[in-house]
Amino acid sequence: VEKKNINLENNTCIIEGEDVKHISKVLRCRVGECLEICDNDNNEYIAEISGISKEEVTLDIVETIDIKRESDLKVRLYQGLPKGPKMEMILQKLTEVGVDEIILVQTKRSVAKVDDKKEDKKIERWERIIYEAAKQSKRGKIPTLRGVLSFKEALADMKNNDFNIVPYENERTKSIKQAIKDIDINNIGIFVGPEGGFAEEEIKQIEDINGQSVSLGPRILRTETASVVASSIVLYELSD
Ligand code: SAM
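Everything numeric here is computed off the predicted structure, so don't read it as measured data. Along every chain, residues carry numbers that run from 1 in the direction the sequence is written. In view of the model being predicted, local features appear only for residues whose pLDDT reaches at least 70, and side-chain atom pairs are presented and counted only at 80 or more, with totals across whole chains, interfaces and linings using the full set of residues.

Caption draft 1: Region of interest: the nonpolar core. We call a set of buried Ala, Val, Leu, Ile, Met, Phe, Trp, Tyr and Cys residues a nonpolar core when their C-beta atoms link them within 7 Å. With C-beta atoms placed from the backbone, the exposure class of a residue follows from how many other C-beta atoms lie within 10 Å of its own: 20 or more, buried; 12 or fewer, exposed; in between, partly exposed. Judged by nonpolar contacts, the single largest core of 37 residues is most densely connected at Leu77, Tyr78, Leu94, Ile103, Val105, Ile165 and Ile190. By the criteria applied, helices consist of DSSP H or I runs no shorter than four residues and strands consist of E runs no shorter than two, each listed in order from the N terminus. Ranked by residues supplied to this core, first place goes to helix 2 (residues 84-97) with 5 residues. With C-beta atoms placed from the backbone, a contact is any residue pair whose C-beta atoms sit within 7 Å. In contact with isoleucine 190, other than residues within four places in its own chain, are Val75, Leu77, Tyr78, Ile165, Ala230, Ser231 and Val234.

Written out as structure tokens, the structure is:
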């Protein structure tokens with residue numbers, strides 16, 4: 001629910017848009033039943049339906065849910081653009097795991113190329129996937145999707161992060177745990193290569209802006225696995 005639709009002075013809330021149909025037709029909710037609602041800013045409530053029309057569902061907030069689902073550490077996952085359907089899986093799983101932002105990057109070996117004409121529709125579908133995944137995993141915030149950035153733009157963006165790691169299969173020694181040991185940070189960038197991996201010069205450029213290359217173990221993971229695994233490890237190691 002958009003924050004502006006929640007009124008904490010009189011404890012009411014209005015749900016509009018596509019969720020109205022979902023609540024009334026799919027979930028078949030009736031007046032008097034309760035829903036869990038979230039304001040995309042980490043606040044959750046239990047609210048009782050007071051009215052249902054075609055345009056909106058009105059609710060009375062009856063309880064505040066005291067639970068912290070979002071990590072204080074913000075993970076920004078830079079994803080080298082993979083082929084078609086893989087992207088959907090990556091977005092869904094990264095949302096479940098808890099990343100804060102997903103940034104799409106066209107790297108040297110990205111097979112998928114950006115097609116501006118089709119891009120808007122694709123982004124719209126991808127945002128929908130993130131939204132649905134956020135709802136099902138009860139995220140307190142819907143992850144942001146950005147891009148598609150060029151490699152150069154991604155490097156500039158990463159400079160804004162407190163720390164950056166790059167999972168790289170030719171990095172044999174340094175694990176994520178070692179790389180992030182004893183650091184105190186609020187956000188971290190993780191840059192995962194596409195199916196063809198990174199070109200060596202790209203790794204050098206990332207290291208030059210203070211990105212630390214890390215190993216995810218001796219086996220080669222698919223790009224979609226690497227993104228989910230790297231984010232999970234970072235959130236596990238660094239979240240409170
Ligand atoms: N060809 C496979 C595919 O279709 O996805 C594997 C691609 S792997 C080269 C893609 C990216 O996953 C790499 O650029 C790297 O970021 C990450 N990666 C995969 N295995 C890794 C490992 N063992 N250690 C570190 N990074 C790894």
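Caption draft 2: Seen up close, the sheet that holds strand 7 (residues 101-106). Strand order in this open sheet of 6 strands is 8-7-6-10-9-11, and the pairing throughout is parallel. Edge positions in the sheet fall to strand 8 (144-150) and strand 11 (211-214), since each of these pairs with one other strand and no more. Taking each pair of neighbouring strands and ignoring which way they run, the sheet shows an average axis angle of 20 degrees. At least two bridges found by DSSP between two strands is the condition for calling them paired. Pairing geometry for strand 7 and strand 8, over 5 bridges, is parallel. The residue bridging valine 105 from the neighbouring strand is leucine 149, located in strand 8. To define axes, lines are fitted to C-alpha atoms, for helices over the stretch in contact only, and angles between the resulting N-to-C directions are given on a 0 to 180 degree scale.

Caption draft 3: Representation of the site of the ligand in the model. Not every one of the 17 residues close to the ligand is listed here, only the nearest: Pro167, Gly193, Gly197, Leu216 and Ala226. The residue makeup of the shell around the ligand, split by class, is 8 nonpolar, 5 polar and 4 charged. We count a residue as near a molecule or strand when its backbone-placed C-beta atom lies within 6 Å of that partner. Classification convention: Asp, Glu, Lys, Arg as charged; Ala, Val, Leu, Ile, Met, Phe, Trp, Tyr, Cys, Pro as nonpolar; all other residues, Gly among them, as polar.

Caption draft 4: View of the pairing of strand 2 (residues 12-16). Burial of the side chains of strand 2 is restricted to one face: Cys13 and Ile15 are buried, whereas none of Thr12, Ile14 and Glu16 on the reverse face is. As defined by bridge partners, strand 1 (residues 6-7) adjoins strand 2 across 2 bridges and the pair is classed as antiparallel. Residue asparagine 7 lies in a different strand from strand 2, and its bridge partner there is threonine 12. In the sheet, strand 2 pairs with strand 5 (residues 56-65) via 5 bridges, with the strands oriented antiparallel. If you follow isoleucine 15 over to strand 5, its bridge partner there is valine 57.

Caption draft 5: Region of interest: the UniProt feature "domain: Ribosomal RNA small subunit methyltransferase E PUA-like" (unreviewed entry) in the chain. UniProt positions are given in the numbering used here, feature names are shortened, and annotations may be inferred rather than shown by experiment. Mapped onto this numbering, the UniProt entry annotates "domain: Ribosomal RNA small subunit methyltransferase E PUA-like" (unreviewed entry) at residues 15-61. The span residues 15-61 is 19% helix and 47% strand, and its two end C-alpha atoms sit 12 Å from each other.

Caption draft 6: Region of interest: the environment of aspartate 208. Summarising the element assignment, aspartate 208 is placed in helix 6 (residues 200-208). Owing to 9 C-beta atoms within 10 Å, aspartate 208 belongs among the exposed residues under this scheme. Considered as a pair, aspartate 208 and leucine 155 are 53 residues apart in the sequence and their alpha carbons are 9.6 Å apart.

Caption draft 7: Structural view of the sheet that holds strand 4 (residues 44-52). Read from one edge to the other, the open sheet built from 5 strands follows the order 1-2-5-4-3, with strand pairing classed as antiparallel. Lying at the two open borders of the sheet, with one neighbouring strand each, are strand 1 and strand 3 (34-38). Sheet analysis places strand 4 next to strand 5, joined by 8 bridges and oriented antiparallel. Looking at the pairing, isoleucine 49 lines up with leucine 59 of strand 5. Here helix 1 (residues 18-26) sits on the sheet in contact with strand 2, strand 4 and strand 5, set at roughly 100 degrees to strand 2.

Caption draft 8: The arrangement of unusual backbone geometry in detail. The omega torsion across glycine 147 and valine 148 is 15 degrees, close enough to zero to call that bond cis. Within the secondary structure, valine 148 is located in strand 8. Phi at asparagine 42 takes a positive value of approximately 75 degrees, unusual for a residue other than glycine. Among the secondary structure elements, asparagine 42 is positioned in the loop between strand 3 and strand 4. Judged by the 13 C-beta atoms lying within 10 Å of it, asparagine 42 falls in the partly exposed class. One non-glycine residue with positive phi stands out, namely aspartate 182, at about 60 degrees. Inspection of the secondary structure puts aspartate 182 in the loop between helix 5 (176-179) and strand 10 (187-192). Overall, the presence of 4 C-beta atoms within 10 Å leaves aspartate 182 in the exposed class.

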